[in-house]
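So the chains spell out like this:
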Amino acid sequence: MARPGPGLLLPVNGLGYPPQNLARVVVWEWLNEHGRWRPYSAAVCHHIENILKGDSRGTVVLGQVDGQLSPYIIDLQSMHQFRQDTGTMRPVQRNFYEPSSAPGKGVVWEWENDNSSWTPYDMEICVTIQNAYEKQHPWLDLTSLGFCYLIDFNSMSQTNKQSQRKRRLRRRMDLAYPLIMGSIPKSQSWPVGASSGQPCSCQQCILVNSTRAASNAILASQRRKLYGGAVGSTGATGTLTAVRQSNTFAGTSLWSPNSSGTNNISAGGGQAKGEQVQVPLSPANFPCSPVISSHGHANANTHAINGQNNLNRPGTQRISMATPRGTIPPGIPALPVKNLTGSGPVHPALAGMTGILMCAVGLPVCLTRAPKPILHPPPISKSDMKPVPGINGMRRKTKKKHLRKGKTPEDVVRRYTEKIKVVPDEDCTICMERLVMASGYEGVLQHKGIKPELVGKLGKCGHMYHLLCLVAMYNNGNKDGSLQCPTCKTIYGEKTGTQPPGKMEYHIIPHCLPGYPDSKTIRIVYDIPAGVQTNEHPNPGKKFSARGFPRQCYLPDNEKGRKVLKLLITAWDRRLIFTIGTSSTTGESDTVVWNEIHHKTEFGSNLTGHGYPDPNYLDNVLTELSAQGVGEDNLKD
């Protein structure tokens, strides 16, 4: 489907920029951890534009317009969003669209997520969907934009072409995004000049202004080192030929070496000759971003800047974000900053303050991103996936819980305990009453044949409790015919869990894990769909989410690795691998989480602690399985 690209500025008069009377809609966007530009709401964009008019080098406090964004500020000088409580920084950009497009009309397209709430599409996709909708197309394929989805306007649904999963989508009207007229002011490309606005006296702005003062000290230090005598010399006549940047950049240096004096900016398949701007070689005209380049001569140095249209292409984003290590000047210490996935030894806020302090006293420092974990092996064809020797099949499924008939709570308690005649004078660790006294559940539970004063001893471990307390504990559990001693965790019977229905696959792949160079790899794939909680779950009748599925895990293909796999299969059959609860990483409740049996989900590295090499992992996971009642005595020949 042919359509103009989002944010497209058509070349006019050979300059690549529109005339003064051309109107454009402005959308501010931030770069998420998946390399996608996510739009701010129209209200936030209006707020940013108002601040931009008063001070092109100012700071935007997003919490002033949206309470949910109170931790965030935007520094217009460096074009970054900064989260004050964690120190996380993300690039932002200012993109342009036609007034007749979706943001110009206030049209928002959204899809329904697993929590039954609505998530807006990326603006690029929103514009595409709106164009197809206005042309009364019955459907729209998003494959050309890099997404394997099919939009059906008749049923107002989105279908994943691989999994065939359908989600609802909707079109709603909201505030139109801000409209501007004329060409891009030079101050928005590389801010110069002093701030003209009056500083705010609130505590948040005082913190921002103090951080800005430290940043200015860093900038001055960098300029002195980079330009030396040219900075202090009033007679320097050298000029710098540059291609005017649009008005956005993705957090990288604004200047990059180029051998030609002009730059052809590709815009939707066409080419426009870049506008050449003669900039005096003066520190006031250089951006705040660090410059790593060679300036051997002061006259006619030629540089080029990538335009904003290139930043909207995922391939270009990945290139601009992945700065090579070789660009760090020798002798400058590098701080590996914790990345967005949580790996890396240095927290962003600590690294940022370290950089500010070191640069303020003239010490150079370079903040680098920690290496990314290698989560998955190279692509593997189905013919290369082999069954695991000694294990039948390559797949296991679990269904809903099968209730065991004929076992009342009293029968289960009597099966694993024996009555004692001489009761010791000690506490029952369930009701915290003395064993010589009646159970604390007297009057709460009434069961035939079990009196409140009866005390029993568990057969294996010998711990003693009121029999009525054990009945109450069993009724509060999974009611699967097993008991677990609350003191020493010894399991009586076959323990089962509350894992939702799903499937488990396992096979051998022709790659080796770090630390096991002579062994192939056993890959386990767990897949559990979202669903509705049952009576055995925390919130019966409420939907639960299933994030990150299918999940891939890895074991070495050796004797001990195969033993672990057999026990994991047993644990899967007993529904012990996963449960429904609150995620310890995201804080999300009513979601599928691991159930105290650790898995290795990182294939080629161990940056997150969930990978290899780890010489103790197999022994540790055998211990964890045994604690769930899945020991080596469960192995079948």
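Our subject in this report is the structure included herewith. (Residues numbered from 1 in each chain as written. Predicted model: local features only at pLDDT ≥ 70, side-chain atom pairs only at ≥ 80, totals over all residues. Heavy atoms only, no water.)

**Comments concerning helix α12 (residues 559–573)**
No. 1: With 15 residues, α12 should cover 21 Å at 1.5 Å per step; its first-to-last C-alpha distance of 22 Å lies within 8% of that length.
No. 2: The complete set of buried residues in α12 reads G561, V564, L565, L567, L568, I569, T570, A571 and W572.
No. 3: Downstream of α12 by a residue or two, R575 has a phi angle that is positive, lying close to 60°. (Helix = DSSP H or I, 4+ residues; strand = E, 2+ residues; numbered from the N terminus. Expected span 1.5 Å × (residues − 1). Buried < 20%, exposed > 50% of the residue type's maximum accessible area, 1.4 Å probe, protein only.)

**Focus: the pattern of salt bridges**
Side chains that carry opposite charge are capable of pairing whenever their charged atoms lie near each other.
No. 1: Taken as a whole, this structure holds 27 salt bridges when the rule is applied.
No. 2: Residues D425 and R434 are paired through a salt bridge, measuring 3.0 Å at the closest nitrogen-oxygen approach.
No. 3: Among the ionic contacts, a cluster of salt bridges with common partners joins D114, R165, R167, R547 and E588. (Salt bridge = Lys/Arg side-chain N within 4 Å of Asp/Glu carboxyl O.)

**Concerning helix α1 (residues 42–54)**
Note: α-helices contain 3.6 residues per turn, so residues at a spacing of three or four share the same orientation.
No. 1: The first and last C-alpha atoms of α1 sit 19 Å apart over 13 residues, in line with the 18 Å expected at 1.5 Å per residue.
No. 2: Considered for burial, the residues of α1 that qualify are A42, V44, C45, H47, I48, E49 and L52.

**Here we look at unusual backbone geometry**
No. 1: Following F549, the chain continues into P550 via a peptide bond in cis, with omega recorded as 0°.
No. 2: The linkage connecting Y612 with the following residue, P613, adopts the cis geometry, with an omega of 5°.
No. 3: On the secondary structure map, P613 appears in the loop between β34 (591–594) and α13 (617–627).
No. 4: Non-glycine residue M156 carries a positive phi angle of around 50°.
No. 5: Within the element layout of this structure, M156 appears in the loop between β10 (149–152) and β11 (157–160).
No. 6: On the basis of relative accessibility, which here comes to 23%, the residue M156 falls in the partly exposed class.
No. 7: Not every positive phi belongs to a glycine, and K489 is a case in point at roughly 70°.
No. 8: For K489, the position within the fold is in the loop between β26 (483–484) and β27 (491–492).

**Looking at the pairing of strand β32 (residues 551–556)**
No. 1: Burial runs high along β32: 5 of the 6 residues are buried.
No. 2: Bridge analysis of strand β29 (residues 521–527) against β32 gives 6 bridges, and the strand direction is antiparallel. Bridging across to β32, R523 finds its partner in Y554. (Pairing = 2+ DSSP bridges.)

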